[in-house]
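Okay, here's what each chain looks like letter by letter:
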Amino acid sequence: DAKTTQPPSMDCAEGRAANLPCNHSTISGNEYVYWYRQIHSQGPQYIIHGLKNNETNEMASLIITEDRKSSTLILPHATLRDTAVYYCIVSFFGNEKLTFGTGTRLTIIP
Amino acid sequence: EAQVTQNPRYLITVTGKKLTVTCSQNMNHEYMSWYRQDPGLGLRQIYYSMNVEVTDKGDVPEGYKVSRKEKRNFPLILESPSPNQTSLYFCASRFGKGEQFFGPGTRLTVL
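Computed from a predicted structure; not experimentally measured. Numbering of residues starts from 1 in each chain and follows the order in which that chain's sequence is written. All chains are assigned letters beginning at A, and all ligands numbers beginning at 1, according to the order in which they are written. Given that the model is predicted, a residue must reach a pLDDT of at least 70 before its local features are reported, and side-chain atom pairs must reach 80 or more before they are shown or counted; all residues, however, enter totals for whole chains, interfaces and linings. The basis for every side-chain value is the complete set of non-hydrogen atoms in the structure, without hydrogens or water.

Focus: the overall build of chain A
(1) Moving on: Note on conventions: DSSP H or I runs of at least 4 residues are helices, E runs of at least 2 residues are strands, and numbering of each starts at the N terminus. Check the secondary structure of chain A and you find zero helices and nine strands.
(2) Moving on: Viewed in the frame of its principal axes, chain A has a C-alpha envelope of about 40 × 30 × 25 Å.
(3) Moving on: Per-residue accessibility, obtained with a 1.4 Å probe over protein chains only, is compared with the maximum for each type, and a residue is labelled buried under 20%, exposed over 50%, and partly exposed between these values. The proportion of buried residues among the 110 residues of chain A is 45%.
(4) Moving on: Residues count as neighbours in contact if any of their non-hydrogen atoms are within 4.5 Å of one another. Considering only contacts in chain A between residues 6 or more positions apart, those separated by 24 or more positions represent 58%.

Written out as structure tokens, the structure is:
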């Protein structure tokens, strides 16, 4: 699986959009971009995934660049409950393993 | 409610005393997996199972065993725990090739 690079930490004001970047320059054509988050020490929670088109669901939007070498997860109106570690993962669809890196610790500031 | 449950949630034990951490899911998922999480190392996969009686090693299987006799259960067995197995453990399940659902975690301390 391709490796990902994320900033170790970010802050965002409550109510603003949180934009979390991820670089995956070695991504292959069939690999998807997945985002999970982990609140405190709870089990990771799936957020969204995509291949090349932008995706949106009730939690977030995923913007993937045209060359697929990077992506951005957008939380449109961040709340204090969005404070968590966010993991960007690149993997083949349905792969047996998800390789979690160290993620981005997002802190939402009141 | 669809969920993955783990028991116990917290366990303190001593070196060499066999233990089992149970994992159960009520979503009829074929795929189940175990991860451990350690500071600075992220989540690392221990074992996974694609279906009943089908299991395979992940990245860090040494010192662990698993079994998959029923679809809903995937216990993690430590035959002779050692202090380096002190960690936070997560079980996960998945239907087909969809997203993984994680349990609440088991915090294990081996003295």
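Re the pairing of strand 7 (residues 70–75) of chain A
Residue and element names in this part refer to chain A.
(1) Moving on: The pairing of strand 2 (residues 18–23) with strand 7 spans six bridges and is antiparallel. The residue bridging L20 from the neighbouring strand is L73, located in strand 7.
(2) Moving on: Between any two strands, pairing holds if DSSP finds at least two bridges. Both strand 6 (residues 61–64) and strand 7 contribute to a ladder of four bridges, which runs antiparallel. Among the inter-strand pairings, S61 is bridged to a residue of strand 7, identified as I74.

Some details on the pattern of salt bridges
Pairing is possible between side chains of opposite charge, provided their charged atoms come close.
(1) Moving on: One side-chain nitrogen of Lys or Arg within 4 Å of one carboxyl oxygen of Asp or Glu is enough to make a salt bridge. Considering all chains together, one arrives at five salt bridges over all chains under this definition.
(2) Moving on: As a salt-bridge pair, R37 of chain A and D82 of chain A come within 2.8 Å of each other at their nearest N and O atoms. Taken together, the positions of R37 of chain A in strand 3 (residues 31–38) and D82 of chain A in the loop between strand 7 and strand 8 (84–92) put the pair 45 residues apart, joining distant regions of the chain. The pair formed by R37 of chain A and D82 of chain A is uniform in burial state, with each residue classed as buried.
(3) Moving on: For the salt bridge of K65 of chain B with E79 of chain B, the shortest nitrogen-to-oxygen distance reads 2.9 Å. Within this pair, whereas K65 of chain B is found in strand 7 (residues 65–66), its partner E79 of chain B is found in the loop between strand 8 (76–78) and strand 9 (87–94), the two being separated by 14 residues in sequence.
(4) Moving on: Among the charged side chains, a salt-bridge network with shared partners connects K18, K65 and E79 of chain B.

A look at the interface of chain A and chain B
(1) Moving on: Taken together, the contact between chain A and chain B spans 17 residues of the former and 20 residues of the latter.
(2) Moving on: It is E96, K97 and F100 of chain A in chain A that bury the most area against chain B; as a group they hold 32% of the surface buried on that side.
(3) Moving on: The tally of links from chain A across to chain B stands at zero salt bridges.
(4) Moving on: A 3.5 Å cut-off defines polar contacts: any pair of N or O atoms within that distance qualifies, except that in protein one atom must be a possible hydrogen donor and the other a possible acceptor, and neighbouring residues in sequence count only when both atoms are side-chain atoms. The interface formed by chain A and chain B holds five residue pairs in polar contact (both at pLDDT 80 or more) in total.
(5) Moving on: Residues are grouped as follows: Ala, Val, Leu, Ile, Met, Phe, Trp, Tyr, Cys and Pro are nonpolar; Asp, Glu, Lys and Arg are charged; every other residue, Gly included, is polar. Within the side of chain A that touches chain B, the residues separate by chemical class into seven nonpolar, eight polar and two charged. Buried area is calculated as the accessible area (1.4 Å probe) missing from two parts once they are joined, with the contributions of both summed.

Points about the state of the cysteines
(1) Moving on: For the purposes of this analysis, a disulfide is any pair of cysteine sulfur atoms at a distance within 2.5 Å. Considering all chains together, one arrives at two disulfides over all chains under this definition.
(2) Moving on: The residue that forms a disulfide with C22 of chain A is C88 of chain A, at a sulfur-sulfur distance of 2.1 Å. Since a negative S-S torsion denotes a left-handed disulfide, the C22 of chain A-C88 of chain A link at about -80 degrees is left-handed. Of the two residues, C22 of chain A is situated in strand 2 and C88 of chain A in strand 8; the sequence distance between them amounts to 66 residues. Both residues of the pair, C22 of chain A and C88 of chain A, count as buried.
(3) Moving on: Paired through a disulfide, C23 of chain B and C91 of chain B show a sulfur-sulfur distance of 1.8 Å. Here C23 of chain B and C91 of chain B share a disulfide; its torsion about the S-S bond, -75 degrees, makes the bridge left-handed. Here C23 of chain B, found in strand 3 (residues 19–25), pairs with C91 of chain B, found in strand 9; they are 68 residues apart in sequence, far enough to count as distant.
(4) Moving on: According to the relative accessible area criterion, C91 of chain B is buried, its value standing at 0%.
(5) Moving on: As a non-bridged cysteine, C12 of chain A has C22 of chain A as the owner of its nearest cysteine sulfur, 18 Å distant.

Structural measurements only, silent on function.
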